[in-house]
Amino acid sequence: MKPEVDFVLRSMMVSLLTEVAPAVGDGYVRSDVEVIAGLMAAAAEEYDRAAHVRVEENEAMRRIFRSAAPSVLDAGLRSRLEAAAAERDTSLHVSDLNAANDRLRALLIELHALVETRDEDWARRANRAIWDGLRESVNRRAISFWPL
Amino acid sequence: MSDLGARFAAYLQHRWPQASSVEVETLERIHGGASRETYRVTVRTIEGGRESEQRLILRRDPPSSLIETDRATEYRAYEAFYGTRVPVPRPLFLETDPRWLDRPFFVMEQVVDAVSDGRLLAQTPYVDHVETIGEQKWRILGEIARSDPASLATRLEAPALESCWRRELDYWERVIDEDELTPQPIARAAIRWLRRSPPPPPRRLSVVHGDYRTGNFLFDAEGRIRAILDWEMCHLGDAVEDLAWALDPLWSWPDRERPGKLIPREQALAIWQQASGIEIDARALGWWEIFASVKGLAIWISSGREYADGRNRDLIMVLASWFPTAVHDRVLVERLAPTGGVDDEA
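Remember, predicted model here, so these are calculated numbers, not experimental data. (Residues numbered from 1 in each chain as written. Chains lettered and ligands numbered in written order. Predicted model: local features only at pLDDT ≥ 70, side-chain atom pairs only at ≥ 80, totals over all residues.)

**Things to note about the overall build of chain B**
Filter applied, for reference: Segments assigned H or I by DSSP are reported as helices when at least four residues long, segments assigned E as strands when at least two residues long, and all are numbered from the N terminus. With C-alpha atoms as the basis for the radius of gyration, the globule rule is written as 2.2 Å multiplied by the number of residues raised to the power 0.38. To sort residues by burial, count the other C-beta atoms lying within 10 Å of each one's C-beta; a count of 20 or more means buried, 12 or fewer means exposed, and anything in between means partly exposed. C-beta atoms are built from the backbone. Any two residues are considered in contact once their C-beta atoms, placed from the backbone, lie within 7 Å.
When you go through chain B residue by residue, the secondary structure sums to 11 helices and 9 strands. Rg of the C-alpha trace for chain B: 21 Å, near the compact-globule value of 20 Å for 346 residues, within the 12% margin. Overall size of chain B, expressed as C-alpha extent along the three principal axes, is 75 × 45 × 40 Å. Within chain B, the proportion of its 346 residues that are buried is 46%. Expressed as a percentage of contacts within chain B between residues at least 6 apart in sequence, the contacts between residues at least 24 apart total 71%.

Structural data, given as structure tokens:
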């Protein structure tokens, strides 16, 4: 067994804050060391959850598209929503998940702009689902360590 | 002494020809100034055989900054407010000739024995003065709103009252358009909401500091606010814009009750209202508070872009990109989601 990456990052953060920073004479460099420690804490949190967050988020957006697509009159948008809804994340590399996430978010923005001003039941439901999805996304990506 | 110190001494000698000697004794960079490189400088001069010490602040343009700003705007704001009820450091020189320090810079007097770090408000001796610092903070912001914008009107564009909001929103939306690294569904939804529900225009044009918050003023151990800093985003517009920015939850995160970690929100609003002479319109304030979070996101997005592109590798750019983004996304969802549906549009 070897120590996992997030554990090591957190240990390094503690060392930086308690041993390295106090020993640095230059105030500017000391502040930089403290910033690095804060970034390490956030990176440790992200390391463990990065793939999970993105897979969940991508699936949530696809569910929204699947539900809304049949009611979208614009044939071009409907077709893109259906295509995106049918996709799956086949790679768990964060870079691949991010690429899919970017495509899905761009489409989500388009759908959101459409439904938020339409006075129809399906649109209201989609609008609510999008906001719920955004709230869940914010919760998933929250950073528990606050350095500021 | 560093090369920068020697070159700065040469510049000061040029500006103070009456001095027979100008020496930069210490030059320390201050952390966190992402829009300008800021240095605390101690200078020793000899003039007419008399030696004296001067403490200065040097603000130099970085190769690339978190906020694209005009240093002249900031400097003129210090000039306009120096000696008024809005405390600012005394501005000394504005220099745009790159032969001195490679990039434009300005110099002002250092305000000594004062700090700006908001985290200190929780510590002795400052914690004993939170109430009085809070009262001053909101009163001074009211004074800025009350001040005559004519003092800066030659330097700053004066928008029509009804277009104050649009000018700001257009600007910051453009920043997001140009700098986003990934699509931003929350910021985009907020921008659409802001455009659908414009605020009532202000009754008059005001000086807007543009970044008035805890962290951008100096306070001392006796609880006095000694100087308002960082005027680089100063412009003319709706005074409620400044109020909303200063109230933003980010500056006291995660505390939502005491904006800027000082006094309760309602008390702050009452003080500002009295000092500014402006009656707060709840709809206008609500609009500008949503706008404040969008503007914040634009700045954090921009800082992430600057870092990713390698134009500015200051670690503060990453910090700004990661942490405040998470807060402003959350704030916008909390504020817009309940009214984001078509049910609430009317």
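Here the narrative resumes.
**A word on the overall build of chain A**
On a plain count of helices and strands, chain A comes out with 5 helices and 0 strands. Rg of the C-alpha trace for chain A: 21 Å, well past the compact-globule value of 15 Å for 148 residues, more than 25% over. Each of the three principal axes of chain A carries a C-alpha extent, and together these read 65 × 35 × 20 Å. A buried classification covers 27% of the 148 residues belonging to chain A.

**A closer look at the sheet that holds strand E4 (residues 91-95) of chain B**
Through backbone hydrogen bonds, the strands of a sheet pair up, either in parallel or in antiparallel fashion. All names here are of chain B. Convention followed: When DSSP finds two or more bridges between a pair of strands, those strands are recorded as paired. Fitted lines through C-alpha atoms give the axes, limited to the stretch in contact for helices. The angle between two N-to-C directions lies from 0 to 180 degrees.
Strand order across the open sheet formed by 5 strands is E1-E2-E3-E5-E4, with antiparallel pairing between neighbours. Only two strands of the sheet have a single neighbouring strand rather than two, namely strand E1 (21-30) and E4. Going from strand to strand, the sheet's axes swing by 25° on average, the running direction of each strand aside. Two elements, strand E3 (residues 50-60) and strand E5 (residues 105-109), share 5 bridges in a ladder whose sense is antiparallel. Along E5, the bridge assignment pairs Leu 56 with Glu 109. Packed onto the sheet, helix H1 (residues 3-15) meets E1, strand E2 (37-47), E3 and E4 and runs at close to 130° relative to E1. Of the strands in this sheet, E4 and E5 are in contact with helix H2 (residues 71-81), which crosses E4 at around 160°.

**Focus on the nonpolar core**
Selection rule: Think of a nonpolar core as buried Ala, Val, Leu, Ile, Met, Phe, Trp, Tyr and Cys residues chained together by C-beta atoms that fall within 7 Å. Start and end points for every domain follow an automatic or database-based domain assignment.
Residues Phe65(A), Ala68(A), Leu141(B), Ala190(B), Ile290(B) and Val294(B) are the most contacted members of the largest nonpolar core, which totals 116 residues. If one sorts the elements of this core by residue count, helix H10 (residues 282-308) of chain B sits on top with 13 residues. Domain assignment of the residues forming this core places at least three in each of domain 1 (3-109) and domain 2 (118-344) of chain B. Those residues in contact with Val294(B), other than ones at most four positions away along the chain, are Trp172(B), Ala187(B), Ala190(B), Ile191(B) and Leu194(B). Membership of the second largest hydrophobic core comes to 7 residues, among which are Ala37(A), Met40(A), Ala41(A) and Ala42(A).

**A look at the packing of helix H5 (residues 121-140) of chain A against helix H11 (residues 315-336) of chain B**
Where we set the bar: Reported orientations rely on four angle classes, namely roughly parallel under 35 degrees, roughly antiparallel over 145, roughly perpendicular from 65 to 115, and oblique for the rest. By definition, turning the near helix anticlockwise from the far helix through less than a right angle yields a left-handed crossing, and turning it clockwise yields a right-handed one. Three classes are used, and their members are as follows: Ala, Val, Leu, Ile, Met, Phe, Trp, Tyr, Cys and Pro are nonpolar, Asp, Glu, Lys and Arg are charged, and the others, Gly among them, are polar.
Direction vectors running N to C along H5(A) and H11(B) enclose 150°, while the axes themselves pass 10 Å from each other. Comparing the axis directions of H5(A) and H11(B) gives the class roughly antiparallel. Here H5(A) and H11(B) pass one another in a crossing that is left-handed. Of H11(B), the residues touching H5(A) (which contributes Leu134(A), Arg135(A) and Val138(A)) are Asp329(B), Arg330(B) and Val333(B). For the contact of H5(A) with H11(B), the residue count by class is 3 nonpolar, no polar and 3 charged.

**Topic: the interface of chain B and chain A**
Contacts between the two partners involve 27 residues from chain B and, on the opposite side, 34 residues from chain A. For the side of chain B that touches chain A, the secondary-structure elements that each account for two or more residues are E1, helix H7 (185-196) and H11 of chain B. Looking at the side of chain B that touches chain A, the element that brings in the most residues is H11(B), giving 10 residues. The class makeup of the residues in the side of chain B that touches chain A is 16 nonpolar, 4 polar and 7 charged.

**Details of the environment of Ile109(A)**
Summarising the element assignment, Ile109(A) is placed in helix H4 (residues 94-115). Assessed through the 19 C-beta atoms surrounding it within 10 Å, Ile109(A) is described here as partly exposed. Taking the C-alpha atoms as reference points, Ile109(A) and Arg135(A), 26 residues apart in sequence, are found 15 Å from one another. In this structure Ile109(A) touches Pro183(B), Pro185(B) and Arg188(B), once residues within four positions along its chain are discounted.

**Things to note about unusual backbone geometry**
Residues and elements named next belong to chain B. Here the bond from Thr 124 into Pro 125 is cis, since omega is 5°, no more than 30 degrees from zero. In this fold, Pro 125 is placed in the loop between E5 and helix H4 (130-146). Cis geometry is adopted by the peptide bond preceding Pro 254, which originates at Trp 253 and carries an omega value of 5°. Mapped onto the elements, Pro 254 comes out in the loop between helix H8 (239-247) and helix H9 (265-276). One non-glycine residue, Asp 230, lies in positive phi territory at about 55°. By the secondary structure assignment, Asp 230 is in the loop between strand E8 (225-228) and strand E9 (235-237). Positioned with a positive phi, Lys 261 is a non-glycine residue whose angle comes to about 65°.

**Description of the environment of Pro259(B)**
Summarising the element assignment, Pro259(B) is placed in the loop between H8 and H9. With sequence-adjacent residues up to four places away left out, Pro259(B) is seen in contact with Ala246(B), Leu247(B), Trp251(B), Ser252(B), Arg265(B) and Ala268(B).

**Some words on the packing of helix H1 (residues 5-23) of chain A against helix H2 (residues 27-68) of chain A**
How two helices pack is summed up by the angle between their axes together with the distance between the axes. Residues and elements named next belong to chain A. Running from N to C, H1 and H2 point in directions that differ by 165°, and their axes come no closer than 8 Å. Taken together, the axis directions place H1 and H2 in an arrangement best described as roughly antiparallel. Here H1 runs over H2; the crossing is left-handed. Listed contacts from H2 to Val 5, Asp 6, Leu 9, Arg 10, Met 12, Met 13, Leu 16, Leu 17, Val 20 and Ala 21 of H1 are Arg 30, Val 33, Glu 34, Ile 36, Ala 37, Met 40, Ala 41, Ala 43, Ala 44, Tyr 47 and Asp 48. Residues belonging to the contact of H1 with H2 are distributed by class as follows: 16 nonpolar, no polar and 5 charged.

**A closer look at the domain arrangement of chain B**
Domain parsing of chain B yields domain 1 (3-109) and domain 2 (118-344). The interface is formed by 21 residues belonging to domain 1 of chain B together with 26 residues belonging to domain 2 of chain B.

**Examining the confidence of the model for chain B**
Residues and elements named next belong to chain B. The condition that has to hold: Per residue, pLDDT captures the predictor's confidence, and it can take any value from 0 to 100.
Summarising the model, chain B shows a mean pLDDT of 92, and 95% of its residues fall at 70 or more. Of the regions scoring below 50 in pLDDT, residues 340-346 engages in 16 contacts with residues more than four places distant in sequence or in other chains. Interface scoring of the predicted complex returns ipTM 0.96; its pTM is 0.93.

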